[in-house]
Amino acid sequence: MLLDIEEDLSPVERIADSQPLPEEVAVQQDLHDTLRWAIDVLPPKFRRVVHLRCWRDLSFAEIGRLLKMSETTAKTYFHRARPLLGAALATSVQSASTS
């Protein structure tokens with residue numbers, strides 16, 4: 001059945017569209033906004049490290065240099081922020097499901 005449909009398509013129509021669907025874009029934007037909100041509610045010392053790691057994709061050594069802290073401290077702040085971030089995201093999901 002699918003092969004019959006593909007045979008009816010022109011060569012241009014057979015080219016896969018690599019662009020996401022509007023619904024996929026909306027879901028991605030919602031996820032992005034939720035993650036940004038969860039990072040924003042972290043304590044400031046954790047927030048900076050998580051922001052640089054997640055949005056700027058910096059290494060812990062780069063984060064340490066930028067924030068004038070050791071690489072180990074940057075790693076520690078990031079790993080201590082993870083449960084707080086998870087709790088914030090769980091709260092966000094819970095409040096979204098009740099509204």
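In the block above lies the structure referred to throughout.
Being a predicted model, the structure only gives us computed values, none of them experimental. Position labels on residues start from 1 in each chain and follow its written sequence. It should be noted that, the model being predicted, local features are given only for residues of pLDDT at least 70 and side-chain atom pairs only at 80 or more, the latter also being counted only at that level, while totals for whole chains, interfaces and linings use all residues. Neither water nor hydrogens contribute to the side-chain values; these are computed over all heavy atoms in the structure.

J.: Could you give me a rundown of the packing of aromatic side chains, with the residues and numbers involved?
T.: Two aromatic rings from Phe, Tyr or Trp, using only the six-membered ring of Trp, form a pair when their centres are within 6.5 Å; if the ring planes differ by under 30 degrees the pair is stacked, by over 60 it is edge-to-face, and anything between is tilted. Applying the stated criterion across every chain, the model contains 2 aromatic pairs. Judged by centre distance (5.4 Å) and plane angle (70°), the ring pair of F46 and Y77 falls under edge-to-face. With F46 in helix α4 (residues 44-54) and Y77 in helix α6 (residues 71-98), this residue pair connects regions lying 31 residues apart in the sequence. As far as burial versus exposure is concerned, F46 and Y77 are alike and both buried. Centroid distance F60 to F78: 5.5 Å. Interplanar angle 65°. Geometry classified as edge-to-face. One end of the pair, F60, is in helix α5 (residues 60-67); the other, F78, is in helix α6, with 18 residues separating them in the sequence. Only protein chains enter the accessibility calculation, which uses a 1.4 Å probe; a residue is then buried when its area is under 20% of its type maximum, exposed when over 50%, and partly exposed in between. According to the relative accessible area criterion, F60 is buried, its value standing at 11%. Note on conventions: DSSP H or I runs of at least 4 residues are helices, E runs of at least 2 residues are strands, and numbering of each starts at the N terminus.

J.: So what's going on with the nonpolar core? Residues and values would help.
T.: Take the buried residues of types Ala, Val, Leu, Ile, Met, Phe, Trp, Tyr and Cys, join any two whose side-chain atoms come within 4.5 Å, and each joined set is a nonpolar core. In this structure, L42, V49, V50, I63 and L85 are the most contacted members of the largest nonpolar core, which totals 17 residues. Broken down by secondary-structure element, the contributors of at least two residues to this core are α3 (22-40), α4, α5 and α6. The element that contributes the greatest number of residues to this core is α6, accounting for 6 residues. If near-sequence neighbours (up to four positions away) are discounted, V49 is found in contact with I63, L67, M69, A74, Y77 and F78. The contact criterion used throughout is that any non-hydrogen atoms of two residues lie within 4.5 Å.

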